[in-house]
Amino acid sequence: MEETPSEEKKSGFFWNRQLPLERETSVFILVNALDVFMTYLLLRTNHLPGGSNHIVESNQIANYFIASWGIKGMVYFKFGLVAVVTVIAQIVFTKRPTTARLLLNLGSLVVAAVVIYSFMLYVREGHLG
């Protein structure tokens, strides 16, 4: 059954629209994915033979998820937070676009600083080179 032009417009309306704050949201998701990766890498190498065993997750809530459900729990927790923040930013965007943009950009900067710190820990522990 062929779609009529009006049905085509209705079904393609959502998929053909650009998401507000697309660039900011993408950067926010990327730096958070890097944070999850670095956390995984640090925790994994920490428990290998020759690991220092003194690197721990400093976020106590994330630590709870790690203790209860392992790395998988941490991944779900961190990406759940990413989803909540991005949805909040999209909602805020409808009334205060500048505030929503600032929220995502500031969040990206903070998480990027954590990623850089994690990378420095990884290098300091001698796991790189």
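Residues numbered from 1 in each chain as written. Predicted model: local features only at pLDDT ≥ 70, side-chain atom pairs only at ≥ 80, totals over all residues. Heavy atoms only, no water.

Visitor: When you look at helix H4 (residues 97-124) in this model, what are you seeing that I'm missing?
Guide: For an α-helix, 3.6 residues make a turn, and residues three or four places apart therefore share a direction. For H4, spanning 28 residues, the distance from its first C-alpha to its last is 41 Å, which sits close to the expected 40 Å at 1.5 Å a residue. For H4, the full list of buried residues reads Ala-100, Leu-104, Gly-107, Ser-108, Val-111, Val-115, Ser-118, Leu-121 and Tyr-122. Gly-126, located one to two residues past H4, shows a positive phi value of around 80°. (Helix = DSSP H or I, 4+ residues; strand = E, 2+ residues; numbered from the N terminus. Expected span 1.5 Å × (residues − 1). Buried < 20%, exposed > 50% of the residue type's maximum accessible area, 1.4 Å probe, protein only.)

Visitor: Just checking my understanding: could you explain the packing of helix H3 (residues 60-93) against H4 for this structure?
Guide: Where H3 meets H4, the axes come as close as 7 Å, and the angle between the chain directions of the two elements is 160°. Taken together, the axes of H3 and H4 lie roughly antiparallel to each other. Viewed along their axes, H3 and H4 form a crossing whose handedness is left-handed. Along the contact surface, H3 presents Val-85, Thr-86, Ile-88, Ala-89, Val-92 and Phe-93, while H4 presents Pro-97, Thr-99, Ala-100, Arg-101, Leu-103 and Leu-104. (Axes fitted to C-alpha atoms, helices over the stretch in contact; angles between N-to-C directions. Parallel < 35°, antiparallel > 145°, perpendicular 65-115°, else oblique. Left-handed = near helix turned anticlockwise from the far one by under 90°. Contact = heavy atoms within 4.5 Å.)

Visitor: Honestly, the pattern of salt bridges in this entry has me stumped. Any pointers?
Guide: Oppositely charged side chains can pair when the atoms bearing their charge come close. Summed over all chains, the structure comprises 3 salt bridges. The shortest N-O distance in the salt bridge between Arg-101 and Glu-24 comes to 2.8 Å. Of the two residues, Arg-101 sits in helix H4 while Glu-24 sits in helix H2 (residues 22-46), which places them 77 residues apart along the sequence. Assessed through its relative accessible area of 33%, Arg-101 is described here as partly exposed. Owing to a relative accessible area of 6%, Glu-24 belongs among the buried residues under this scheme. (Salt bridge = Lys/Arg side-chain N within 4 Å of Asp/Glu carboxyl O.)

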